[in-house]
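Each chain, written out:
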Amino acid sequence: MREPWGSTLLRLLAWIGAAALLGLWFGGLAWWLVGALAIYLGYVLRQTYRIERALRSGSWPQWDVTTGLWAEMAGRLSALRRKSRRRKKRYNQLLREIRESTGALADAGVLLNPEHEIVWFNRAAIDLLGLDRKTDLGQRIDNLLRAPEFARYLCAPTPEPISIPGVLRATDRLSVQIIPYGRKQSLLIARDVTRQQLLERTRKDFVANASHELRSPLTVIAGYLDTLQDADEVPEQWRRPLAEMQRQTGRMTRILEDLIELSRMESAIGEADESYVDVRGLLERIVATRTSGDCAALQMDISADAGLLGSEAEIYSIFDNLIANALRFTPVDGTVRVAWRVDDTGANFVVSDTGIGIAEEFIPRVTERFFRLDPGRSRESGGTGLGLAIVKHALQRHGGELAISSRLGEGAEFICRFPLQRLAHRSA
Ligand code: ADP
């Protein structure tokens, strides 16, 4: 038996024993025993009352006994109380630190419950989203952020943030991201990206303007070089340098044309227009121009008559760049297959080859501007390093996606997936 219980029982036995002795000595044993038990019961009730009062009021009295069950209980309760006080203090301090650190964040943070009502927000949310602690707690977030693209994003959040117009100034831009956590709760993070987007636009404008400005002088130089090449008066030793200059101006012209095309697509608003494009005719034209010299065997599999609704120039660019790449990166004894297939959910334009292939770790990077696995080989074969960037962009403008699969030394496959609403027949 544990110590406090042992001493308490011993005391009770001693108390009853003393009463029994007195009862035997003076007579009336039963009365002595009843009296002793009544006194003991009174003592138990008094101690229970003191503990209950101490628990209720929170103020802990000095205990009059220092050993036994009651002293033990009082000691333990008092230790528990001290522990809970310390824990409360620690939680309060932690809460204060969290509040201070989220308050210092430049990004707005808003906690939302499963009904998308605001539970909490930090100081930046007041400045950036115009939220008010008195009126907006408990409000649905889409009542306050009213951009239609935000309403759509709120219903089906993706890991990628979206960009919406500013709440306080419509000319600002906000990047908004919703991170789900716990039981259908979510954290909304908003960031002011006005300056970033302005810089990005300035950069794009600069590239577009510089390319336009360079085009005219380059056309003049190319023209003079053509004339010089054909002129009989040019000394023989100048023929080779002139041919090289002509080759390099051709390369510069191709880079400028690709840069201008990319800039045009980037500055165009929304998706591409919806003119009818005859896919079969377009592919036959491309194949005729691309297979004129020494190159790999090209096989066509156009099993569908459907055409596309889109911009003919951009679709031409997609098909031409992929076919040109496949032919450039496949040896002459290899094969390039071009297929156009339609199914219930859309259409696939597939270009596969048996060429040099792409190592797996570089596949995500090949659509970056000027990314080339072998810059020398790309330049030699007339590449600009912008082809796949143009393909990706043009596809996005048609609601499509690019999928690439390849292994080094085993060829590559590029699949352009077009959505059903972009498919059409000539009569449409
Ligand atoms: P480039 O003008 O250099 O072809 P692209 O943007 O079209 O520029 O392609 C980027 C890089 O991707 C190429 O330099 C090449 O390394 C790789 N690539 C593209 N298509 C293929 C292919 N069919 N086979 C192997 N590598 C390819």
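For every chain, the first residue of the written sequence is number 1, and numbering continues from 1 onward in sequence order. For this predicted model, a pLDDT threshold of at least 70 governs which residues receive local features, and a threshold of 80 or more governs which side-chain atom pairs are given and counted, while totals over whole chains, interfaces and linings are taken from all residues. To get the side-chain values, take all heavy atoms of the structure and skip hydrogens and water.

**Q** When you look at the pattern of salt bridges in this model, what are you seeing that I'm missing?
**A** Here the idea is simple: oppositely charged side chains can pair when their charged atoms come close. Here, a salt bridge means any Lys or Arg side-chain nitrogen found within 4 Å of an Asp or Glu carboxyl oxygen. Inspection of every chain in the model, using the stated rule, returns 19 salt bridges. Notably, a salt bridge pairs Arg280 with Asp305, separated by 3.2 Å at the nearest N-O pair. Here Asp305 lies in the loop between strand E7 (297-302) and strand E8 (307-310) and Arg280 lies in helix H9 (residues 279-290), a separation of 25 residues in the sequence. Classification of Arg280 as partly exposed rests on a relative accessible area of 33%. Working definition: with a 1.4 Å probe on protein chains only, accessible area under 20% of the residue-type maximum means buried, over 50% means exposed, and in between means partly exposed. A relative accessible area of 59% places Asp305 in the exposed class. Runs of H or I in DSSP of at least four residues are treated as helices and runs of E of at least two as strands, each being numbered from the N terminus.

**Q** Teacher, can you tell me more about the site of the ligand here?
**A** Each residue is tested against the molecule or strand, and it is near if at least one of its non-hydrogen atoms lies within 4 Å. In the vicinity of the ligand, 19 residues are found, and the nearest of them are Asn325, Ser378, Thr384, Gly385 and Leu388. Under this definition, polar contacts are N or O atom pairs within 3.5 Å; protein pairs additionally need one hydrogen-donor-capable and one acceptor-capable atom, and for neighbouring residues in sequence, both atoms have to be side-chain atoms. Contacts to the ligand include Asn325, whose side-chain N or O atom sits 2.8 Å from an oxygen atom. Between an oxygen atom of the ligand and a side-chain N or O atom of Arg328, the distance comes to 3.0 Å. Accessible areas in this description were obtained via Shrake-Rupley with a 1.4 Å probe; residue shielding takes into account the shown protein chains only. Notes on the ligand: free accessible area 530 Å², of which the protein chains cover 98%. Looking at the shell around the ligand, the elements with two or more residues in it are helix H10 (312-328) and helix H12 (387-397).

**Q** Please clarify how H12 should be interpreted in this entry.
**A** An α-helical turn contains 3.6 residues, so any two residues separated by three or four positions project in the same direction. Burial analysis of H12 places 8 of its 11 residues in the buried class, which makes it a mostly covered element. Residues Gly387, Leu388, Ala389, Ile390, Val391, Ala394, Leu395 and Arg397 constitute the buried set of H12. Packed against the buried residues of H12 are helix H8 (239-267), H10, strand E11 (401-406) and strand E12 (412-419). In the stretch just after H12, Gly399 is the one whose phi turns positive, near 70°. A contact between two residues is defined here by any heavy atoms of the two lying within 4.5 Å.

**Q** Got a minute to help me understand a nonpolar patch on the surface in this structure?
**A** Think of a patch as exposed residues, more than 30% relative accessible area, with no salt bridge, where like charges cluster within 9 Å and nonpolar side chains (Val, Leu, Ile, Met, Phe, Trp, Tyr) cluster within 5 Å. Together, Leu22, Trp25, Phe26 and Trp32 make up a nonpolar patch on the protein surface, roughly 510 Å² of accessible area in all. With 3 residues, helix H1 (residues 3-26) is the single largest residue contributor to the nonpolar patch. Position of Leu22 among the secondary structure elements: in helix H1.

**Q** Help me understand H9 in this model?
**A** The length a helix should cover is 1.5 Å for every residue beyond the first. The first and last C-alpha atoms of H9 sit 16 Å apart over 12 residues, in line with the 16 Å expected at 1.5 Å per residue. For H9, the full list of buried residues reads Val279, Leu282, Leu283, Ile286 and Val287. The arc that holds every buried residue of H9, seen down its axis, measures 130°, which confines them to one face. Packing partners of the buried residues in H9 comprise strand E6 (275-277), E7, E8, H10, strand E9 (335-343) and strand E10 (346-353). For H9, the N-terminal cap is Asp278; the gap from its side-chain oxygen to the backbone nitrogen of Arg280 is 3.4 Å. Arc definition: it is the arc formed by the directions from the helix axis to the C-beta atoms.

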